[in-house]
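# Results of the structural survey
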Amino acid sequence: MGSNAAGKPPAAAAAVSWEFHATGPRNLSTPGWRDLIRSSWRDPNYRRIAMSCFVQAAYLLELDRQESRTGEAALAPNWWKPFKYKLVRPLIDSRDGSIYGALLEWDQLAALADLIVVKPQGAPKVVLALRGTVLKQLTVVRDLEDDLRLFALDSLRGSVRFTGALEVLKLAIHKHGSANVCVAGHSLGAGFALQVGKALAKDGTFVECHLFNPPSVSLGTGLRKFQEKASSVLKRYISRSGSSSSSNVSPGEEQQAASQVEVGEEELNKEVKRWVPNLYINSCDYICCFYADRSGVAAVTTEKRSGVHSKLYVIAKGPSKFLEAHGLQQWWSDDSELHLAVHDSKLMYRHLKSLYV
């Protein structure tokens, strides 16, 4: 449930130069004074590109550390500087000293150089970017430990990375407000971003969340799905048995009870829709594809529709081989065609429903 930088295997990643000008997004508009009139950050495509680049920077911070690249030789800074952000602090795993995330903040001094006197409308003040698995000797043990934790338990709460990411986000929210804070992650990092976002949402704090190729396969999810089906069958059986053996319940009382259940479900749906994360899915990626509907084909529509549990972006024209389909690079690529599918993902609904029941 992870990948090397941008989803490449170790050999391929070594052969790729992650210089921003070489492998970064093409035709990226440079922020300028025009953003004060019409902010690029209000464009969902620009937002997706920026967030995926920030997550790539988190990958490269760790690769820079492992390969002793510092100063001008470091690759990571070039992935946040074009968007006028700066590194506030790296998130470090106390188990092995690896960098698993980056807290980035709007850099007003850098923006002034391009005559941007205030932060453009829609640009987050702070972004927490979380990387996925890096299959290299110095990080693979702890990364796979968290991969297995997520697969077996469908939870990352026992990881020091969960605790660290949640603490950093809470501090940022206290300083800047939840409306100015955003969290993004890829693969395992998307798993952390989702669970940290859920923890905040459970306390009534909602932050913008971007999940690239989030893991959708786990034993925990399978067991819960089985329990839900078994419970549903048992309730129907008890209901039928009760209705056949009892003559004291009037049709009016039965209808009232059914109405109360329906109202309760409706209220639950309203609660679930209070926090709407953004998911970016490639159907050829078997790690994340189960966030799509049962047929694997998402219902494509426009972004104007409201009342959904999540914004599910499905790549329509992109890599079909697994390693590339699970990679991060596709999300800043100009060659990708995204459709916004706003059908209700049953898997995401189960994730969010757990906040309120």
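Our subject is the structure that appears above.
Procedures and definitions
- Along every chain, residues carry numbers that run from 1 in the direction the sequence is written.
- Local features are withheld for residues below a pLDDT of 70 in this predicted model, meaning they are given only at 70 or higher, and side-chain atom pairs are given and counted only at 80 or more; totals for whole chains, interfaces and linings count all residues.
- The side-chain values count all of the structure's non-hydrogen atoms but skip hydrogen atoms and water molecules.
- Note on conventions: DSSP H or I runs of at least 4 residues are helices, E runs of at least 2 residues are strands, and numbering of each starts at the N terminus.
- Remark: exposure states derive from per-residue accessible area (1.4 Å probe, protein chains only) relative to the maximum for the residue type, with buried under 20%, exposed over 50%, and partly exposed in between.
- We call two residues contacting when some pair of their heavy atoms lies within 4.5 Å.
- Accessibility throughout is a Shrake-Rupley quantity obtained with a 1.4 Å probe, and a residue counts as covered only by protein chains that appear here.
- Working definition: rings of Phe, Tyr and Trp (its six-membered ring) pair if their centres are within 6.5 Å, and the pair is stacked with planes under 30 degrees apart, edge-to-face with planes over 60 apart, and tilted otherwise.
- Between the first and last residue of a helix there are one fewer steps than residues, each counted as 1.5 Å, and that sum is the expected span.
- Whenever a nitrogen or oxygen atom comes within 3.5 Å of another N or O atom, the pair is scored as a polar contact, on the condition that within protein one atom can donate a hydrogen and the other can accept it, and that pairs from neighbouring residues in sequence are kept only if both atoms are in side chains.
- To obtain an axis, a line is fitted to C-alpha atoms, over the contacting stretch when the element is a helix, and the angle between two such axes runs from 0 to 180 degrees between their N-to-C directions.
- In this scheme, roughly parallel covers angles under 35 degrees and roughly antiparallel covers those over 145, while 65 to 115 is roughly perpendicular and the rest are oblique.
- We call a crossing left-handed when the near helix sits turned anticlockwise from the far one by less than a right angle, and right-handed when that turn is clockwise.
- Nonpolar residues are Ala, Val, Leu, Ile, Met, Phe, Trp, Tyr, Cys and Pro. Charged residues are Asp, Glu, Lys and Arg, and all others, Gly as well, are polar.

### Quick word on the overall build of the chain
Counting secondary structure elements, the chain contains 11 helices and 9 strands. Across the 357 residues of the chain, 47% fall into the buried class. Put simply, 77% of the contacts in the chain that link residues at least 6 apart link residues at least 24 apart. About 17600 Å² of surface is accessible on the chain, with carbon and sulfur atoms providing 55% of the total.

### Describing the packing of aromatic side chains
Aromatic ring pairs: the centre-centre distance and the angle between the two ring planes describe each pair. In the structure shown here, the tally under the stated rule is 13 aromatic pairs. Seen in terms of ring centroids, Tyr 46 and Phe 83 are 5.9 Å apart; in terms of plane orientation they differ by 70 degrees. Their pairing is edge-to-face. Here Tyr 46 is found in helix α3 (residues 44-66), whereas its partner Phe 83 is found in the loop between α3 and β1 (85-92), with 37 residues between them in sequence. Ring geometry for Tyr 85 against Trp 106: centres 5.6 Å apart, planes inclined by 85 degrees, an arrangement best described as edge-to-face.

### Things to note about unusual backbone geometry
The phi dihedral of Asn 27 falls on the positive side, at around 55 degrees, and the residue is not glycine. By the element assignment, Asn 27 lies in the loop between α2 (20-23) and α3. Assessed through its relative accessible area of 77%, Asn 27 is described here as exposed. In this structure, Ser 68 is a non-glycine residue whose phi angle is positive, near 55 degrees. Mapped onto the secondary structure, Ser 68 falls in the loop between α3 and β1.

### Here we look at α3
Under the 1.5 Å per step criterion, the end-to-end length of α3 is 34 Å for 23 residues, consistent within 8% with the ideal 33 Å. Among the 23 residues that make up α3, 20 are buried, leaving the element largely enclosed by the rest of the structure. Sitting at the head of α3, Asp 43 places a side-chain oxygen 3.0 Å from the backbone nitrogen of Asn 45.

### Here we look at the packing of helix α6 (residues 160-176) against helix α7 (residues 188-202)
Each pair of packed helices gets described by two things: the angle between the helix axes and the distance between those axes. Two elements in contact, α6 and α7, have axes separated by 10 Å at closest approach and are oriented at 55 degrees. The angle between α6 and α7 places the two elements in the oblique class. The element α6 and its partner α7 pack so that their crossing is right-handed. For the pair formed by α6 and α7, the contact residues are Arg 161, Phe 162, Ala 165, Leu 166, Leu 169, Lys 170 and Ile 173 on the first element and Leu 188, Phe 192, Gln 195, Val 196, Ala 199 and Leu 200 on the second. Class assignment of the residues belonging to the contact of α6 with α7 gives a composition of 10 nonpolar, 1 polar and 2 charged.

### Regarding the packing of helix α5 (residues 140-153) against α7
Contact geometry of α5 with α7 gives a least axis separation of 10 Å together with a crossing angle of 55 degrees. By the angle between their axes, α5 is oblique relative to α7. In the crossing of α5 with α7, the sense of the turn from one axis to the other is left-handed. On α7, the residues touching Asp 143, Asp 146, Asp 147 and Leu 150 of α5 are Leu 188, Phe 192 and Gln 195.

### Thoughts on the side chain of Asn 282
Locating Asn 282 in the fold gives a position in the loop between β6 (278-281) and β7 (300-301). Taking the relative accessible area as the measure of exposure, Asn 282 reaches 2% and is therefore buried. In terms of polar contacts, Asn 282 uses its side chain to reach the backbone amide nitrogen of Cys 284, at 2.8 Å. Separated by 3.0 Å, the side chain of Asn 282 and the backbone oxygen of Pro 319 make a polar contact. Dropping the residues within four chain positions of it, Asn 282 is found in contact with Cys 288, Cys 289, Ile 315, Pro 319, Ala 325, Gln 330 and Trp 331.

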